[in-house]
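# Residue-level structure breakdown
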Amino acid sequence: MKNVLVIGSGAREHALGATFLRSPQVDRVYCAPGNPGMVQSGIRLVDIAENEFEELAEFVGQKEIALVFVGPEAPLADGIVDFLQERGVQVFGPAQSAARLESDKKFAKNFMLRNHVPTAAFATFSEYETALVYAQNLSFPLVIKENGLAGGKGVQIVTEETQLESALHKALNQDGQVLVEKYLAGEEFSLMVFMGGPEPVFLPISQDHKKIFAGENGPNTGGMGAYSPVPHITSQIVEEARQTIVAPTVAGLHKEGLEYAGTLYIGCMLTTRGIKVIEYNVRLGDPETQVLLPQLTSDFYTAVTDLIAGQTPVMEWQREEFYLGTVVAAPGYPIHPKQGLQLPQLPNNVFYAGVVSDGEHLLSSGGRIFALVEHAPTLKEAQSKVNATLERLALTEFYYRKDIGFRDL
Ligand code: AMP
Ligand code: GLY
């Protein structure tokens, strides 16, 4: 029996840990640093932060950890995979060089250009004046992006010239480098593949809901809910993505010596001129993972270790039902989420994120508090089940969207 360590602390990592625990090969699952809500699934918490590589490596040795799965982007960008691999640890995720596909947008966009992966036209700047002139010559709306990691909050859609100055200053002040990009109109979807073997393994398609308010309105968040599969992203569209997006990306990684055993998450936009890449991420999506991994019917531990060994695993997913997850957030999210609110007793189909424990109760700590996931033969039923459960709980102070899945309803 094997012990697994998941790095990270959110609902995605809760779903990862719960999925590893379903494997007959897995004995213990640890999560560093995790959150106290995970304990209800049998995950053991490790009081080490995700950027304390030395301590993590020491823990791996002490507890005879057979596999480390890195959840979030920050430790990947900081080189945790290189660090652990040098110490002989089996770890799933990209090396720092490939993690730049997410942590350095300029690098990612130039990678796409070199490798003929369709994406929005763009230019990068470190000076305000030149960026302004370039942007003024584009038509609105256009997109201003910070170059580095920004937790999903580094993108501004600028609809008129009066907003341009402050948007450019904000991005340059945050990062020093700004991307100015053409706006892509269309349907967005999340395409995730596991890499490591000769062929990438496709996960089911899922759809995130990034805006705070119903109908996709208001400011961006880390994600307010997700569902999977996504009927309007047909198998034909996925096949097109395989040929025009995934194939040249994988070939590019191979050519540039950036191959890795890990996740590649491609944010796609289905436009009238074909599918284009909005961004790459090198880790699983959150909240998408919470509706994806519960669909896996084959052994996750075997799949991940096969990928690390350079083999393509057969991963099996349920095909009968829709999975839908709604994120419950603290009031005030995403600007000033209220802290320290007591949570009621929640059912087992919950993945926890921003919670702390006072010894007796879980309290809110952060913006997104937990995700509740249901499944049903129709998307409508799945949504109704989630909403009915959330309604029954005494969540008066908390906020959630009731329209997750609306695009396919
Ligand atoms: P990102 O942080 O790159 O995922 O961007 C956050 C969100 O901004 C995306 O999920 C899209 O909804 C939107 N976005 C980013 N780039 C573009 C673009 N070029 N055109 C339209 N929307 C975009
Ligand atoms: N759900 C969007 C992300 O994980 O980046």
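Summarised in this report is the structure supplied together with it. Each chain has its residues counted from 1, running along the sequence as written. For naming, the first written chain is A and the first written ligand is 1, with later ones following in the order written. pLDDT decides what is reported in this predicted model: residues at 70 or higher carry local features, side-chain atom pairs at 80 or more are listed and counted, and totals for whole chains, interfaces and linings draw on all residues regardless. Calculation of side-chain values draws on the structure's entire complement of heavy atoms; hydrogens and water are dropped beforehand.

Take the overall build of the protein chain next. For helices the rule is a DSSP run of H or I covering at least 4 residues; for strands it is a run of E covering at least 2, with both sets numbered from the N terminus onward. Helix and strand counts for the protein chain stand at 12 helices and 22 strands. C-alpha atoms define the radius of gyration, and 2.2 Å times the number of residues to the power 0.38 defines the globule rule. Against the 2.2 N^0.38 benchmark of 22 Å for 409 residues, the protein chain shows a C-alpha radius of gyration of 21 Å, consistent with a compact globule. Across its three principal axes, the protein chain shows a C-alpha extent of roughly 60 × 50 × 40 Å. Three labels apply to residues, based on accessible area from a 1.4 Å probe with only protein chains included: buried if under 20% of the type maximum, exposed if over 50%, partly exposed otherwise in between. Out of the 409 residues belonging to the protein chain, those deemed buried represent 56%. Two residues form a contact once any of their heavy atoms are found within 4.5 Å. Restricting the contact set of the protein chain to residue pairs at least 6 apart, pairs at least 24 apart contribute 66%. Accessible surface, the protein chain: about 17100 Å² in total, of which carbon and sulfur atoms supply 49%. Of the side-chain charges in the protein chain, 32 are positive and 48 negative, and the distance between the mean point of each set is 3 Å. Note that accessible areas follow from Shrake-Rupley with a 1.4 Å probe, and for residues the cover is restricted to the protein chains shown. Here Asp and Glu are counted as negative and Lys and Arg as positive; His is not counted, and neither are the chain ends. To locate a charge, take atom NZ for lysine, CZ for arginine, CG for aspartate or CD for glutamate.

Now for helix 8 (residues 164-175). One less than the residue count of a helix, multiplied by 1.5 Å, gives the span that helix is expected to have. When the terminal C-alpha atoms of helix 8 are compared, their 17 Å separation across 12 residues agrees well with the 16 Å that a helix rising 1.5 Å per residue should span. Turning to helix 8, its buried residues number three or more, namely L164, A167, L168, A171 and L172. Buried residues of helix 8 fall within an arc of 120 degrees about the axis and therefore sit on the same side. Helix 8 presents N173 and Q174 as exposed residues on the side facing more than 90 degrees away from its buried surface. Where helix 8 is buried, its residues contact strand 6 (122-125), helix 7 (128-136), strand 7 (142-146), strand 8 (155-158) and strand 9 (178-182). Starting at the helix axis, one direction is taken to each C-beta atom, and the arc is that of these directions.

Pairing is antiparallel in the open sheet, where four strands are placed in the order 6-9-7-8. Two strands bound the open sheet, and with one partner strand each, they are strand 6 and strand 8. Between one strand and the next, the sheet's axes are offset by a mean angle of 20 degrees, whatever the strand orientation. Note on pairing: DSSP must find at least two bridges between two strands before they are called paired. In this structure, strand 7 lies alongside strand 9, joined through five bridges in antiparallel fashion. The partner of K145 across the bridge, within strand 9, is L179. Packed onto the sheet, helix 7 meets strand 6, strand 7 and strand 9 and runs at close to 160 degrees relative to strand 6. Note on method: axes are straight lines fitted to C-alpha atoms, helices fitted across the in-contact stretch only, with angles between N-to-C directions ranging 0 to 180 degrees.

Take the site of ligand 2 next. Here a residue is considered near a molecule or strand provided that any single heavy atom belonging to it is located within 4 Å of it. Near ligand 2 the following residues occur: D208, Y265, N281, R283, G285, D286, P287 and E288. Pairs of N or O atoms within 3.5 Å make up the polar contacts considered here, provided that, within protein, one atom can donate a hydrogen while the other can accept it, and that residues adjacent in sequence are counted only when both atoms are side-chain atoms. With respect to ligand 2, the side chain of E288 contributes an N or O atom lying 2.7 Å from a nitrogen atom. Across the complex, the protein chains shield 90% of the 200 Å² of accessible surface that ligand 2 would expose by itself. Note on residue categories: nonpolar means Ala, Val, Leu, Ile, Met, Phe, Trp, Tyr, Cys or Pro, charged means Asp, Glu, Lys or Arg, and polar means any other residue, Gly included. Counted by class, the shell around ligand 2 contains two nonpolar, two polar and four charged residues.

Taken together, the neighbourhood of ligand 1 is formed by 15 residues, with E181, K182, L184, E188 and E279 sitting nearest. For ligand 1, a nitrogen atom lies 3.0 Å from a polar atom in the side chain of K145. One of the side-chain nitrogen or oxygen atoms of E279 is found 2.5 Å away from an oxygen atom of ligand 1. Protein coverage of the free-state accessible area of ligand 1, which is 470 Å², stands at 93%.

One open sheet holds the four strands; their spatial order is 11-10-16-17, and the pairing between them is antiparallel. Only two strands of the sheet have a single neighbouring strand rather than two, namely strand 11 (201-202) and strand 17 (274-281). As paired strands, strand 16 (residues 262-271) and strand 17 are joined by seven bridges and run antiparallel to one another. Each residue of the ladder has a partner; that of L270, found in strand 17, is I275.

Here the focus is helix 11 (residues 300-308). Along helix 11, the residues classified as buried are F300, Y301, A303, V304, T305 and L307. In the stretch just after helix 11, G310 is the one whose phi turns positive, near 85 degrees.

The subject of this paragraph is the pattern of salt bridges. Salt bridges are identified by distance alone: a Lys or Arg side-chain nitrogen within 4 Å of an Asp or Glu carboxyl oxygen. A complete count under the given rule lists 16 salt bridges for this structure. Its salt-bridge partner being E102, residue R283 comes within 3.1 Å of it at the nearest N-O pair. Within this pair, whereas R283 is found in the loop between strand 17 and helix 10 (288-292), its partner E102 is found in helix 5 (residues 96-103), the two being separated by 181 residues in sequence. R242 is the partner of E239 in a salt bridge, and the nearest nitrogen-oxygen pair spans 3.2 Å. Taken as a pair, E239 and R242 lie in helix 9 (residues 235-255) at a separation of three residues, close to a single helical turn. Within this structure, E73, E102 and R283 form a network of salt bridges that share partners.

What follows concerns a nonpolar patch on the surface. Two distance rules govern patches: like charges are joined within 9 Å, and nonpolar side chains (Val, Leu, Ile, Met, Phe, Trp, Tyr) within 5 Å, applied only to residues with over 30% relative accessible area and no salt bridge. A cluster of nonpolar side chains, contributed by V155, I157 and Y183, occupies part of the molecular surface with about 240 Å² of accessible area. One can find Y183 in the loop between strand 9 and strand 10 (187-195).

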